[in-house]
Amino acid sequence: MADGRSEAEVRGLFSRPEMVFDPEPMTAKLTELYMSKYGLRLVTDIQNRLSALGYHPWPATGKLSRLTKWAIRAWQRQSGLPEKARATPELLAALRASTAKAPPGLDFPPEEAPTVYESALTEERLAEARDFLAANRTILAGVRQRYGLPEEVAVGVAAVETRCGRYLGEKPAVALLSGMALARDYALVADAFSYEKPSPDRTAWLAAKARERGDWAYRELAALLAYAGRIGRDPLAMPGSIYGAIGVSQFMPTNALTLARDGDGDGVADLFVVADALESMGNYLHKAGVGGQTSETALREALFRYNKSRAYVNTIMAVATHLRQTASPETPGK
């Protein structure tokens, strides 16, 4: 690697059995970008079939929207199948094999509605947030004092990102980032777009995006290895999101190197330790303009500047509102 790491160190890491090429991160990112720009033929065909069965009264856009996900789940529920709102060739084949129409009087959701991550607002997930707030009140109060980040909002972020530390990822971040860096060669993931049959100009666009995202992943990979060395962790013992974000508060490695802070006073800013993760979150969000806001409107806009997703902001604020309404202020913290 060009970041100064020894050849022996790199060879030793990549010779371990866990370091296998995983095309999923690059495939997922390119699919997301392609769908946003062009729409997906697969999604269009799914939408048209759902429409024929009476589950999708909206236009076929090729975008896996909130309404299309609702329609997929409604059909799966009626068909006695697990509810997984993912657009796959297997789903399309099952829809084409189905002849049962939607039940009369199906209650469709409104086209215009505030969007949230519904999975983050189940009773189970909200209970996790309440428990996390109760267990970490002292830490959270210190973060608010230093960075102006309200306790309930900090917990909302942790709840949305990692289920308050309960879900940090299923695969090592180093393997995911390595696979994405390698897949800068579009040929390694081109089969994922066989159903779409992209035109030559769209294929060239996909190849350019793969190079761009692969180079980004390489930089994050180098930062991850540097960060792992700094905190004394085995890189392969650090799980991450599909795109390599790590820890309770889900930092990308380049941000971990510059923005992680020591919250428990042991001299190490370890994002897998709750006190450090919350301290780092406060520092990060304060620099992003979130900390210190005096109104909910200003706080929402600051969160949106941090992550340009209204659903993300709405969900964090829904968790925060729930905590303000239900959490007991007398609950002792750690």
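Below: a short report on this structure. All values derive from a computational prediction rather than experimental measurement.

### A closer look at the overall build of the protein chain
- A count of helices and strands for the protein chain gives 14 helices and two strands.
- The C-alpha radius of gyration computed for the protein chain amounts to 22 Å, which stays within 12% of the reference 20 Å derived for 334 residues, consistent with globular compactness.
- C-alpha extents for the protein chain along the principal axes are approximately 60 × 55 × 35 Å.
- Across the 334 residues of the protein chain, 44% fall into the buried class.

### Side note on the packing of aromatic side chains
- Throughout the structure, instances matching the rule amount to eleven aromatic pairs.
- Taking 5.8 Å as the distance between ring centres and 85° as the angle between the ring planes, the aromatic pair formed by Trp-58 and Phe-108 counts as edge-to-face. Taken as a pair, Trp-58 in the loop between α3 (41–52) and α4 (66–78) and Phe-108 in the loop between α5 (89–97) and α6 (123–135) lie far apart in primary sequence, 50 residues in all.
- Trp-58 sits in the buried class, given a relative accessible area of 10%.
- With 6.3 Å between their ring centres and 50° between their planes, Tyr-306 and Tyr-312 make a pair best called tilted.

### Remarks on unusual backbone geometry
- Of note, the phi angle at Cys-164 is positive, near 55°, even though the residue is not glycine.
- Turning to its location among the elements, Cys-164 is positioned in the loop between α8 (151–162) and β1 (171–172).
- Given the relative accessible area of 7%, Cys-164 is considered buried.
- The phi angle at Gln-250 is positive, at roughly 55°, despite the residue not being glycine.
- Residue placement: Gln-250 occurs in the loop between β2 (239–240) and α11 (253–259).

### Some words on the pattern of salt bridges
- Under the defined criterion, the tally for this structure stands at 20 salt bridges.
- A salt bridge links Glu-151 to Arg-144; its shortest N-O distance comes to 2.7 Å.
- A residue is classified by how much of its surface remains accessible, and Glu-151, at 14% relative accessible area, is buried.
- Ionic pairing is found between Arg-300 and Glu-296, a salt bridge with its closest N-O pair at 3.1 Å. With Arg-300 and Glu-296 both in helix α13 (residues 296–306) and four residues apart, this pair spans about one turn of that helix.
- The class of Glu-296 is partly exposed, set by a relative accessible area of 39%.
- One network of salt bridges, with partners in common, ties together Glu-124, Arg-125, Glu-128, Arg-163 and Arg-166.

### Overview of helix α10 (residues 200–231)
- Taking 1.5 Å as the rise per residue, α10 with 32 residues should run 46 Å; its terminal C-alpha atoms sit 46 Å apart, in good agreement.
- Gly-232 occupies a position one or two residues after α10 and carries a positive phi of about 75°.

### Side note on the nonpolar core
- Core analysis: the biggest nonpolar cluster contains 45 residues, and Leu-30, Val-174, Tyr-186, Tyr-227, Met-238 and Ile-246 have the highest contact counts within it.
- The set of elements that each furnish at least two residues to this core consists of α2 (24–38), α9 (173–182), α10, α11 and α12 (274–287).
- Here the element with the most residues in this core is α10; it accounts for eleven residues.
- Aside from chain neighbours lying at most four places away, what touches Tyr-186 is Leu-30, Phe-193, Thr-203, Leu-206, Ala-207 and Ala-210.
- Counting residues in hydrophobic clusters, the runner-up holds 30 residues, among them Val-143, Leu-149, Val-155 and Cys-164.

### Here's the deal with the packing of α13 against helix α14 (residues 310–326)
- The geometry of α13 relative to α14 is characterised by a closest axis approach of 9 Å and an angle of 135° between their N-to-C directions. On the basis of their axis angle, the class for α13 and α14 is oblique. Like other packed secondary-structure pairs, α13 and α14 cross with a definite hand, here right-handed. Residue-level contacts link Glu-296, Leu-299, Arg-300, Glu-301, Leu-303, Phe-304 and Tyr-306 of α13 to Arg-310, Tyr-312, Val-313, Asn-314, Ile-316, Met-317 and Arg-324 of α14.
- Here the residues of the contact of α13 with α14 sort into eight nonpolar, one polar and five charged.

### As for a nonpolar patch on the surface
- On the surface, Phe-21, Leu-182 and Leu-188 cluster together to form a nonpolar patch covering roughly 260 Å² of accessible area.
- Mapped onto the secondary structure, Leu-188 falls in the loop between α9 and α10.
- Residue classification places Leu-188 among the partly exposed positions, given a relative accessible area of 38%.

### Points about α13
- Of the residues making up α13, those classed as buried are Leu-299, Ala-302 and Leu-303. Taken around the axis of α13, the buried residues stretch over an arc of 100°, which confines them to a single face.
- Where the residues of α13 are buried, they touch α8 and α14.

### Topic: the side chain of Glu-279
- Within the element layout of this structure, Glu-279 appears in helix α12.
- Under the relative-accessibility criterion, Glu-279 is labelled buried at 7%.
- Only 2.8 Å separates the side chain of Glu-279 from the side chain of Arg-146, close enough to count as a polar contact.
- Not counting chain neighbours up to four residues away, the residues in contact with Glu-279 comprise Val-143, Arg-146, Tyr-147, Arg-261, Asp-262 and Gly-263.

Criteria and thresholds
- Residues numbered from 1 in each chain as written.
- Predicted model: local features only at pLDDT ≥ 70, side-chain atom pairs only at ≥ 80, totals over all residues.
- Heavy atoms only, no water.
- Helix = DSSP H or I, 4+ residues; strand = E, 2+ residues; numbered from the N terminus.
- Rg over C-alpha atoms; globule rule 2.2 N^0.38 Å.
- Buried < 20%, exposed > 50% of the residue type's maximum accessible area, 1.4 Å probe, protein only.
- Phe/Tyr/Trp six-rings, centres within 6.5 Å; stacked < 30°, edge-to-face > 60°.
- Salt bridge = Lys/Arg side-chain N within 4 Å of Asp/Glu carboxyl O.
- Expected span 1.5 Å × (residues − 1).
- Core = buried A, V, L, I, M, F, W, Y, C linked by side-chain atoms within 4.5 Å.
- Contact = heavy atoms within 4.5 Å.
- Axes fitted to C-alpha atoms, helices over the stretch in contact; angles between N-to-C directions.
- Parallel < 35°, antiparallel > 145°, perpendicular 65-115°, else oblique.
- Left-handed = near helix turned anticlockwise from the far one by under 90°.
- Nonpolar A, V, L, I, M, F, W, Y, C, P; charged D, E, K, R; others polar.
- Patch = residues over 30% accessible without salt bridge, like charges linked within 9 Å, V, L, I, M, F, W, Y side chains within 5 Å.
- Areas by Shrake-Rupley, 256 points an atom, 1.4 Å probe, with all protein chains shown as cover.
- Arc of directions from axis to C-beta.
- Polar contact = N/O pair within 3.5 Å; in protein donor to acceptor, adjacent residues only side chain to side chain.

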